[in-house]
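Read off the chains here:
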Amino acid sequence: MKNFTFLWLLCLSMLGYSQESIDLSYYLPQDVTYNSNIPTPKDILGFQVGEWHASHDKIVHYMQVLADKSDRITLENRGTTYEGRPLILLTITSPENHNHIDQIREDHLKLSDVSKSNEMKTDQMPLVVYQGFSIHGNEASGANAALLVAYYLAAAQGKEMDDLLKNTIILFDPAFNPDGIQRFSTWVNMHKNQQITTNPDDREYKESWPGGRTNHYWFDMNRDWLVCQLPESQARIKSFHQWKPNILTDHHEMGTNSTFFFQPGIPSRTHPLTPELNQKLTAKIGTFHAKALDKIGSLYYTEESYDDFYYGKGSTFPDVNGGIGILFEQASSRGHAQESVNGVLTFPFTIRNQFTAALSTLAAGKSMRNELLNYQRNFYIEAKKEVSKDKQKAIVFGDPFDRAKTFEFAKMLKRQHIKFNKLRNNLTINGKTFTEADSYIIPSDQPNYRMIKAMFEKRTTFKDSLFYDVSAWTLPLAFDLNYGYVNTTASIGEEVEDLHFPTGIVTEKSDYAYVFEWDEYYTPKAVYQILAKGLRAKVATVPFEVEGKTFDYGSILIPIQNQNMDASAIYTFLSGIAKSTGVNITGVKTGLTKGTSLGSNNFKILSKPNIAVLVGDGITYADAGEIWHVLDTRYEIPVTKIEASRLGSVDLSKYTTLIIPSTSGNNLNEATSNIKDFVQNGGILIGYKNALRWMNTHNFLSIKFNKSTVKNKDVNFANRSNLQGAQRIGGAIFEAKFDLSHPIAYGYNDDKIALFRNSTLFIEADSTNYMHPLQYTNNPLLSGYVSKENLKTLKNTLPFVTKSMGRGQVIGFTDNTNFRAFWYGTNKLMMNAIFFGKTM
C-alpha cells in the first residue's frame, strides 16, 4: 500500500503543475519606485512575463514602445535575419548622455588608440556594457528576462538608478537569435496545457527537428563571433566595434538538472592570448553575481565545465578585444515548468535568475568602472609593447588563382576592423609568390594585433586536453589561402579603405568556344547558371593549351555551335556571369590545341545538378544546414530538403545528387533499396562522416575503419571522464595530400590541403594508390589538439573515398567540408563531387 501511495503521489506531481499568478514583484527589486508612465511588459504583451514564451515580434514591439516612452532609450534596426526579422539594439543611458552620445563614443574608442588613450580621464568616463540574450533560440529565459531588464532600466527611479545611467552606456540586444526565438516560442506555446505538465516526456519539452537553437540555416550562432559569416553576427560585430564595450554578457541555458553558472570557466582552458588580469576581473565581477543570487536563494557554480578558449564565442570574443566576456548558463525549463533533480523548475524562476544576473552585471560595472576602463586602456598599451618585440612585422596573404576567396577573407578582416594594405612589390615567401595584383599585407602594428594573432596562429601544445569547443581555427588554413610572415615593413603599401569584389571579364567575343578554369571560388555558381540556361558545357579531364594560354584539369568548355542561343547572346550572357562571379572567361577561335583538342572525348559533358539533401530526425542538423547554406546562398543552387523518414517513398529519379549529412543511418534502413536504385541508375550519392558507416554496412562502399587503442592504466575513477574526453577530436586541422589529376582535386593548385576534423572516423588505405586521390600525410597535424593515440591512427588514412555502382557513383567524406560557413577552402570538394562525380 505504501508503494501504491508513493507512485500515486509521484504521478500527480508529474502530471500537472498549476501556474500561479505571477506578479512583477517576483522579479523586480522593491527598494525603488517605478515611473507609472512607462508601460510594463504585461501592459503591452497582454500577459505577465513567464506566463507564456514571448515571441520575437512581441519582444520587438515592447522595445519599440519603451523607446517611444522613455528618454533613456533609443532604438536602432541594424538589419534583418535570413527570415526578415529586425536585428534591433537599444542604447540605454541617461538623457544627458544621449545628448552627447557621439562624443562619448568617440572618447571611449580613444582608449584603444595608444596615441590618444593617455589623454583620457577614465574617472570621468562612463563604462560601456553590452548585454545580449538567447543566442540559442530555445534558451528562452534570457530573451524573456530582457523584457524585465529593459522595463527596469526605463522605469526605475532614484539616486542609484540615476548614478547607474550617468556612468554607464548600456548596449541592449534583447534577442540575439530572432529566428530561433520565434521558432521555439511557437513550439512551446502551441503545446502548453492549462494545467501545466511538468513531465519531461510531454511534447512541449521535446522539440521537433531541428529545434529552436539555431538560426534559419541551422547554424549555432555562438560560434560565429570571430569569423562573422552570418547576418546576425555581422550586425552584432559592427555594433561591438563601434563601441568596444568593457563588459559583454551572453545569457544562455543548459541542462534542466543543473543550476546556474557564471564565469570564469575552468582556468586551465583559457586561451594564452587572454591576459591573466582578464580572468581576475571576471572573477571579481562574479562576486557580484554570487551576492545577488545568494539574496534570492538560487544555487550556482563557477570555474567549472565551461572555458574561455575559442574566440568565436560571445563570452570569449571580448577577451581578445580589451573587454570582459561573461557567460551565464541557467538550467532550462525548456518550456513552462519541468521536473528536475532540484524540484519543479519553472520558467519564471529561470527568468528571475537571468534578470538578477543582468542587474548584478550592471552593479559590478558601476562599482568597477574605473578599474575596467583602465584595464581596456592598458590592454592596448600592452599589445603595442608586444608588437615592438614581435619579429614578424606583417602577414601577406592572397591567391592568384582565386581572387574571390581572397576577397572573402579580406572582407572578414574588414568586419573585425583589422587594417590591411596593398602590397608594394611582389614577394616570394617559403616558395609561394605573392603579387601586387592578387595579395594584401597586414601590418602587425595596429590596435587589433592580438586578434590578428588569434586568427593566424597555429597551436599544437596545450595546458589541458579537454575543450568545450574547437581547439584550432587558423583562418588562412580554413580558406586554403597562401600566407606568410615578413620581418620588415618595406612591402607595406597604401591602406585598403574600399574593398571591391574582383569582377571577371570575357576576353573577347567568340564564334567558336569559350574556356575558363575551375579555380575561382564562385566558378560552380557560374557553371550552374550556364547549365540552368540550357547551354551545353563540358569539363576537361586533362590539361591543354590553346592560343598560347594553358588550362588545367577541370577547365570548362562552352562551344558555340548547336546551342540554344546565338553567339552574340552567349557573349552577353557570359559577360554578366563573369562580372557577378569573378570568373575570367577566355574566348577562343580554334579547337586546335596543344595537349588535347577541344573536340576530344577528354572533355566530358556536364549535367545541371538537381540536388536533394536529407534532413530530419537522425540527421545532424548543423551539418545539413551548412550544406543547405553554401548551396543556397553562395552558389545559388536550388536544394530540395527531403525528410529522411520519407526517403523510401520518394521518386529519386528526378535528382542527380543525393547528399546524406552525418547520421547513424538507422532512419535510412527502409530506404536502402530506393537509394541503391538511384545510384545504379546514374545518381551520385554523397555521404558525410557517420553516414559512411551505414553506407559501408549496406555495401554502398567497401572500406575498413581503424580505431585507436587507448591505455587506461593508472587512471582513477575520478579522472575517467578526462581520459575519455582527451580522446575526442573536438576540432583540429590536419594536412592531406592531393592527386591533382583526380576530379576531386579540380580547381586546386597545391598538392596539400588543410582539412578540418572533429570526428574519430579513420579509414584505412589499401595499396591501390590511384584510388586515394586525397590522403592524410604521415605528419598530418597542423593546428589543434589530438591525442597521441588518435594522431598515430590518423596518419595516412583516407578522408575521401569513392566507388562506382552501376551507372552511378558513391562518394564519402570523413570530414565536414562546409564547417560553420567559414571553411571556404574545402567547399570546392563538395562541389567537385556534385559536378564531376560521374567522372570519378
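Note that this is a predicted model, so its numbers are computed, not measured.

1. Some remarks on the overall build of the protein
At step 1: Across its full length, the protein carries 23 helices and 36 strands.
At step 2: Computed over its C-alpha atoms, the radius of gyration of the protein comes to 29 Å, within 12% of the 28 Å expected for a compact globule of 840 residues.
At step 3: Considering only C-alpha atoms, the protein reaches an extent of 90 × 80 × 65 Å along its principal axes.
At step 4: Within the protein, the fraction of its 840 residues that count as buried is 60%.
At step 5: Here the protein has roughly 33000 Å² of accessible surface; of this, 47% comes from carbon and sulfur atoms.
At step 6: In the protein, the 87 positive side-chain charges and the 86 negative ones have mean positions that sit 4 Å from each other.

2. As for the packing of aromatic side chains
At step 1: Under the definition given, this model contains 58 aromatic pairs.
At step 2: With a centroid separation of 6.1 Å and an interplanar angle of 90°, the aromatic rings of Y152 and F355 are classed as edge-to-face. With Y152 in helix 6 (residues 141-155) and F355 in helix 11 (residues 347-367), the pair connects residues that are 203 residues apart, well separated along the chain. Across this residue pair, the class does not change: Y152 and F355 are buried.
At step 3: We note K525 situated over the ring of Y522; from NZ or CZ to the ring centre the distance is 5.8 Å.

3. Quick word on the sheet that holds strand 24 (residues 586-588)
At step 1: With respect to topology, five strands assemble into an open sheet ordered 24-19-23-20-25, the strand pairing being antiparallel. A strand with exactly one partner marks an edge of an open sheet, and here the two such strands are strand 24 and strand 25 (603-605). The mean inter-strand angle of the sheet, taken between neighbouring strand axes irrespective of direction, is 30°.
At step 2: As judged from the four bridges shared by strand 19 (residues 513-516) and strand 23 (residues 556-559), these two strands associate in the antiparallel manner. Residue pairing across strands places F516 opposite I556, the latter belonging to strand 23.

4. Some points on the pairing of strand 23
At step 1: Burial along strand 23 is two-sided: the residues I556 and I558 and L557 and P559 are all buried.
At step 2: Summarising the sheet, strand 20 (residues 538-540) and strand 23 pair through two bridges and their orientation is antiparallel. Looking across to strand 23, one finds that V539 is bridged to I556.

5. Looking at helix 17 (residues 567-581)
At step 1: For helix 17, spanning 15 residues, the distance from its first C-alpha to its last is 21 Å, which sits close to the expected 21 Å at 1.5 Å a residue.
At step 2: Check the buried side of helix 17 and you find it contacts strand 19, helix 16 (523-532) and strand 23.
At step 3: N-capping of helix 17 is provided by D566, with a side-chain oxygen placed 3.2 Å from the backbone N of S568.
At step 4: Two residues or fewer after helix 17 comes G582, characterised by a positive phi angle close to 80°.

6. What to know about unusual backbone geometry
At step 1: For the bond from W209 to P210, the omega torsion is 0°, close enough to zero to count as cis.
At step 2: The phi angle at K689 is positive, at roughly 50°, despite the residue not being glycine.
At step 3: Structurally, the position occupied by K689 is in the loop between strand 29 (684-688) and helix 20 (691-697).
At step 4: By relative accessible area, which is 10% here, K689 ends up buried.
At step 5: The phi torsion at N699 lies on the positive side, around 65°, for a residue other than glycine.
At step 6: Looking at the element boundaries, N699 is found in the loop between helix 20 and strand 30 (705-706).
At step 7: Of the residues examined, N699 reaches a relative accessible area of 51% and is grouped as exposed.

7. Section: the pattern of salt bridges
At step 1: Summed over the entire model, instances satisfying the criterion amount to 33 salt bridges.
At step 2: The shortest N-O distance in the salt bridge between D220 and R223 comes to 3.7 Å.
At step 3: On the basis of relative accessibility, which here comes to 8%, the residue R223 falls in the buried class.
At step 4: If you follow the salt bridges from partner to partner, you end up with E139, R213, D220, R223, D469 and R820 in one network.

8. Some thoughts on the confidence of the model for the protein
The predicted structure's coordinates, where accompanied by low pLDDT, should not be read in detail.
At step 1: Taken residue by residue, the protein gives an average pLDDT of 95. The fraction at 70 or more is 95%.
At step 2: Across residues 1-15 the pLDDT falls below 50, and counting only partners more than four positions away or on other chains, this stretch makes ten contacts in the model.

9. Considering the sheet that holds strand 3 (residues 86-92)
At step 1: The sheet built from seven strands is open, its strands ordered 2-3-6-4-7-9-8 with mixed pairing. Each edge of the sheet is formed by a strand with only one pairing partner; in this case those strands are strand 2 (73-80) and strand 8 (260-262). Neighbour-to-neighbour, the strand axes of this sheet turn through a mean angle of 20°, independent of strand direction.
At step 2: Judged from the five bridges that link them, strand 4 (residues 127-133) and strand 7 (residues 247-254) form a sheet pairing that is parallel. Across the sheet, F133 pairs through a bridge with H251, a residue of strand 7.

10. Details of helix 14 (residues 449-456)
At step 1: Most of helix 14 sits inside the fold, with seven of its eight residues counted as buried.
At step 2: Restricting attention to buried positions, one finds in helix 14 the residues Y449, R450, M451, I452, A454, M455 and F456.

11. Observations regarding the nonpolar core
At step 1: Core analysis: the biggest nonpolar cluster contains 167 residues, and I556, L631, I659 and F835 have the highest contact counts within it.
At step 2: The dominant element in this core, judged by the number of residues it contributes, is helix 23 (residues 827-836), at seven residues.
At step 3: Judged by nonpolar contacts, the second largest core, of 72 residues, contains M125, W187, L281 and L359.

12. Points about the pairing of strand 4
At step 1: Burial runs high along strand 4: seven of the seven residues are buried.
At step 2: Where burial is concerned, the two faces of strand 4 agree: the one with L127, V129, Q131 and F133 and the one with V128, Y130 and G132 are both buried.
At step 3: Inspection of the sheet shows strand 4 paired to strand 6 (residues 168-173) by six bridges, in the parallel sense. What sits directly across from V128, in strand 6, is I169.

13. Quick word on the environment of M254
At step 1: Position of M254 among the secondary structure elements: in strand 7.
At step 2: Counting along the chain gives 146 residues from M254 to P400, while the straight-line C-alpha distance between them is 46 Å.
At step 3: Other than its neighbours up to four places away in sequence, M254 contacts T259, F260, F261, Y301, Y306, E329, Q330, A331 and S332.

14. With respect to the side chain of T793
At step 1: When you line up the elements, T793 lands in helix 22 (residues 788-794).
At step 2: In terms of polar contacts, T793 uses its side chain to reach the side chain of S708, at 2.9 Å.
At step 3: Excluding anything up to four places from it in sequence, T793 contacts N706, K707, S708 and F762.

The rules behind the values
- Residues numbered from 1 in each chain as written.
- Predicted model: local features only at pLDDT ≥ 70, side-chain atom pairs only at ≥ 80, totals over all residues.
- Heavy atoms only, no water.
- Helix = DSSP H or I, 4+ residues; strand = E, 2+ residues; numbered from the N terminus.
- Rg over C-alpha atoms; globule rule 2.2 N^0.38 Å.
- Buried < 20%, exposed > 50% of the residue type's maximum accessible area, 1.4 Å probe, protein only.
- Areas by Shrake-Rupley, 256 points an atom, 1.4 Å probe, with all protein chains shown as cover.
- Lys, Arg positive; Asp, Glu negative; His and termini not counted.
- Charge placed at Lys NZ, Arg CZ, Asp CG, Glu CD.
- Phe/Tyr/Trp six-rings, centres within 6.5 Å; stacked < 30°, edge-to-face > 60°.
- Lys NZ or Arg CZ within 6 Å of the ring centre and 35° of its normal.
- Pairing = 2+ DSSP bridges.
- Axes fitted to C-alpha atoms, helices over the stretch in contact; angles between N-to-C directions.
- Expected span 1.5 Å × (residues − 1).
- Contact = heavy atoms within 4.5 Å.
- Polar contact = N/O pair within 3.5 Å; in protein donor to acceptor, adjacent residues only side chain to side chain.
- Salt bridge = Lys/Arg side-chain N within 4 Å of Asp/Glu carboxyl O.
- pLDDT = per-residue confidence, 0-100.
- Core = buried A, V, L, I, M, F, W, Y, C linked by side-chain atoms within 4.5 Å.

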